[in-house]
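Residues per chain are reported as follows:
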Protein chains: 2
Amino acid sequence: MSDPAVLLDLDGTLVDSVFVHVVTWSDALREHGYEVPMWRIHAAIGMGSDRNLLWWLGREMPEADALAASHKRRFLDMAERLLPTNGAHALLDDLAGREVPFVIATSAGTEEREALLAALGREDLPITGADDVESSKPATDLLEEAAKAVKADLDQVTMIGDSPWDAEAADRLGVRMIALRCGGFADDRLLSAGAYEVVDDPLALVGRL
Amino acid sequence: MSDPAVLLDLDGTLVDSVFVHVVTWSDALREHGYEVPMWRIHAAIGMGSDRNLLWWLGREMPEADALAASHKRRFLDMAERLLPTNGAHALLDDLAGREVPFVIATSAGTEEREALLAALGREDLPITGADDVESSKPATDLLEEAAKAVKADLDQVTMIGDSPWDAEAADRLGVRMIALRCGGFADDRLLSAGAYEVVDDPLALVGRL
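**Considerations on the relation of the copies chain B and chain A**
Part 1 of the reasoning: Here chain B sits on chain A after a turn of 180° about the axis and a move of 0.0 Å along it, with an RMSD of 0.0 Å. Such values leave the two copies arranged in the relation of a two-fold axis. Across chain B, the rotation axis passes nearest the C-alpha of B:Ala186, at a separation of 2.7 Å.

Written out as structure tokens, the structure is:
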């Protein structure tokens, strides 16, 4: 049996980015003539790929690449306003200090990932990224690959994320998932998607994982 | 006994503005050195005044005016991206067509109200505003004044809003309140604040009020 290990989502979990994604997706969609209510966009944030997100919002695929490019440009333009979530640094330091194996499991594209890590101000983090896998959340590929990266059996892994899509991916894989409220998702959505527990933010998990 | 009448919140209810408020409050707070998680800001949106909102976020009062001015400037700068919520026009037309007395009850300041009405594209709406009352949501003054404007007994009034603060004000007054999900607030928060029912957006209420 392996040691316990932790998989951490990045976008929305360690960086307070969800509401910025909502506004920039809204702008990108509107640029292409689509008026999508912001609460519907919010509900789709955290899906592993732009294509999944647009599919979920019911948009046609032909424009997916242009929409995703427009969102990315707008998101990077707003990246300087991104801040770490409450306790993100404390949790990372806690895991490192107690030598709990952990890895960031993120499906963010390369440039967005760099902007998120810059907002976090950490360059020393182990990462399993979208480039390492075939399909993204709510598919389980990213989490499986991340678990391999920390050499952990799935039943020894705890996943920390902020969106129902994190919870769904973990649930499919039989991985225990603790959800954070700091992405703005409702407790009942997180729990019904498979979260084991809901806490406010990373600070609430310091010393507990 | 008076005829049934409807009170409509504006910000977040008829205009899809909540997420824009979150981002612009975040920027204003950060400008003054405060890092407040966006999900916490979101939870405060819909309070009737900037002062209430800042108090709820735990900020000191001395800077309230400067913070509110910074938020207002940033919000007005982003006003061109505001859109009506789904079915806002259909609901207004439905109420007018069936001659149901209604009034917009909004605590938005003058400039923000004008920006919201411009986004809605209607200049023909009866309005009870913050200028007409002493205290704002979750205080009941605005709703009481609005009910007077439509000459309705409180037990004949239905209030439509998107935030828990709307629900709380209505509940205090014994007014039936139907909450909309389009502001991004969770069903359980709306219901526990006193909402009678939760529906997606104004479209869901066409023909029903």
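**Side note on the confidence of the model for chain A**
Part 1 of the reasoning: Per-residue pLDDT for chain A averages 92, and the proportion of residues at 70 or more is 98%.
Part 2 of the reasoning: Taken together, the chains of this predicted complex give a pTM of 0.93 and an interface ipTM of 0.92.

**Things to note about the packing of aromatic side chains**
Residues and elements named next belong to chain A.
Part 1 of the reasoning: According to the stated counting rule, one finds three aromatic pairs over all chains in the structure shown.
Part 2 of the reasoning: Ring centres of Trp56 and Trp165 lie 5.7 Å apart, and the angle between their planes is 75°; this geometry places the pair in the edge-to-face category. You can see Trp56 sitting in helix 3 (residues 50-56) and its partner Trp165 sitting in helix 8 (residues 164-173), a full 109 residues away along the chain.
Part 3 of the reasoning: On the basis of relative accessible area, Trp56 is assigned to the partly exposed category, the value being 34%.
Part 4 of the reasoning: On the basis of relative accessibility, which here comes to 7%, the residue Trp165 falls in the buried class.

**Re the interface of chain B and chain A**
Part 1 of the reasoning: Each side of the interface is counted separately: chain B has 24 residues, and chain A has 24 residues.
Part 2 of the reasoning: Here chain B meets chain A over a buried area of about 2300 Å², counting both sides, of which 63% is carbon and sulfur.
Part 3 of the reasoning: Considering only the side of chain B, the residues that lose the most area to chain A are B:Phe19, B:Met38 and B:Trp39, jointly responsible for 30% of the buried surface there.
Part 4 of the reasoning: Our count for the contact surface shared by chain B and chain A stands at four salt bridges.

**What about the packing of helix 4 (residues 64-77) of chain A against helix 6 (residues 110-120) of chain A?**
Residues and elements named next belong to chain A.
Part 1 of the reasoning: The N-to-C vectors of helix 4 and helix 6 enclose an angle of 15°; their axes lie 10 Å apart at closest approach. Compared by their axis directions, helix 4 and helix 6 come out roughly parallel. In the packing of helix 4 onto helix 6, the handedness of the crossing is left-handed. Of the residues in helix 6, those touching helix 4 at His71, Lys72, Phe75 and Leu76 are Glu111, Glu112, Ala115 and Leu116.
Part 2 of the reasoning: Residue composition of the contact of helix 4 with helix 6, by class: four nonpolar, one polar and three charged.

**Observations concerning the pairing of strand 1 (residues 5-8) of chain A**
Residue and element names in this part refer to chain A.
Part 1 of the reasoning: Alternating residues of strand 1 divide into Ala5 and Leu7 and Val6 and Leu8, and every residue in both groups is buried.
Part 2 of the reasoning: Note that strand 1 and strand 4 (residues 157-161) share four bridges and pair parallel. If you follow Ala5 over to strand 4, its bridge partner there is Val157.

**Here's the deal with the environment of A:Glu144**
Residues and elements named next belong to chain A.
Part 1 of the reasoning: Inspection of the secondary structure assignment puts Glu144 in helix 7 (residues 141-149).
Part 2 of the reasoning: Note on Glu144: relative accessible area 34%, which makes it partly exposed.
Part 3 of the reasoning: Sequence separation between Glu144 and Ala170 is 26 residues, and the spatial gap between their C-alpha atoms is 9.3 Å.

**Concerning the pattern of salt bridges**
All names here are of chain B.
Part 1 of the reasoning: Applying the stated criterion to the full structure yields 26 salt bridges over all chains.
Part 2 of the reasoning: Between Glu31 and Arg74 there is a salt bridge, with its nearest N and O atoms 2.6 Å apart. Of the two residues, Glu31 is situated in helix 1 (residues 18-31) and Arg74 in helix 4 (residues 64-77); the sequence distance between them amounts to 43 residues.
Part 3 of the reasoning: The partly exposed category is assigned to Arg74, whose relative accessible area is 22%.
Part 4 of the reasoning: We note a salt bridge from Arg122 to Asp93, for which the minimum N-O separation is 3.0 Å.

So, how was this worked out
Counting starts from 1 at the beginning of each chain's written sequence and moves along it residue by residue. Here chains are named by letter from A upward and ligands by number from 1 upward, in the order in which they appear as written. Per-residue local features are limited, in this predicted model, to residues with pLDDT of at least 70; the limit for side-chain atom pairs, both in listing and counting, is 80 or more; totals at the level of whole chains, interfaces and linings are taken over all residues. Excluded from the side-chain calculation are hydrogens and water; included are all heavy atoms of the structure. Only residues with pLDDT of at least 70 in both copies count here: their C-alpha atoms drive the least-squares fit that superposes the copies. Confidence of the prediction at every residue is given by pLDDT, a number between 0 and 100. Only rings of Phe, Tyr and Trp enter the pairing, Trp through its six-membered ring, and a pair is recorded when the two centres are within 6.5 Å. The plane angle decides the type: under 30 degrees is stacked, over 60 is edge-to-face, the rest tilted. In this text, helices come from DSSP runs of H or I with a minimum length of four residues, and strands from runs of E with a minimum of two, each type numbered from the N-terminal end. Residue exposure (1.4 Å probe, protein chains only): buried if accessible area is under 20% of the type maximum, exposed if over 50%, otherwise partly exposed. Contacts are assigned to residue pairs that have any heavy atoms within 4.5 Å of one another. Here's the idea: put two parts together, see how much 1.4 Å probe accessible area each one loses, and the total over both is what we call buried area. In the sections that follow, a salt bridge refers to a side-chain nitrogen of Lys or Arg positioned within 4 Å of a carboxyl oxygen of Asp or Glu. An axis is simply a line fitted to the C-alpha atoms; with a helix, the fit covers only the stretch in contact. Between two such axes, the angle follows the N-to-C directions and lies from 0 to 180 degrees. Angular relationships are summarised with four words: roughly parallel below 35 degrees, roughly antiparallel beyond 145, roughly perpendicular across 65 to 115, and oblique for the angles in between. Two helices crossing with the near one rotated counterclockwise from the far one by less than a right angle form a left-handed crossing, whereas a clockwise rotation gives a right-handed crossing. Charged residues are taken to be Asp, Glu, Lys and Arg, nonpolar residues to be Ala, Val, Leu, Ile, Met, Phe, Trp, Tyr, Cys and Pro, and polar residues to be all remaining types, Gly included. In this analysis, strands are considered paired if DSSP registers two or more bridges between them.

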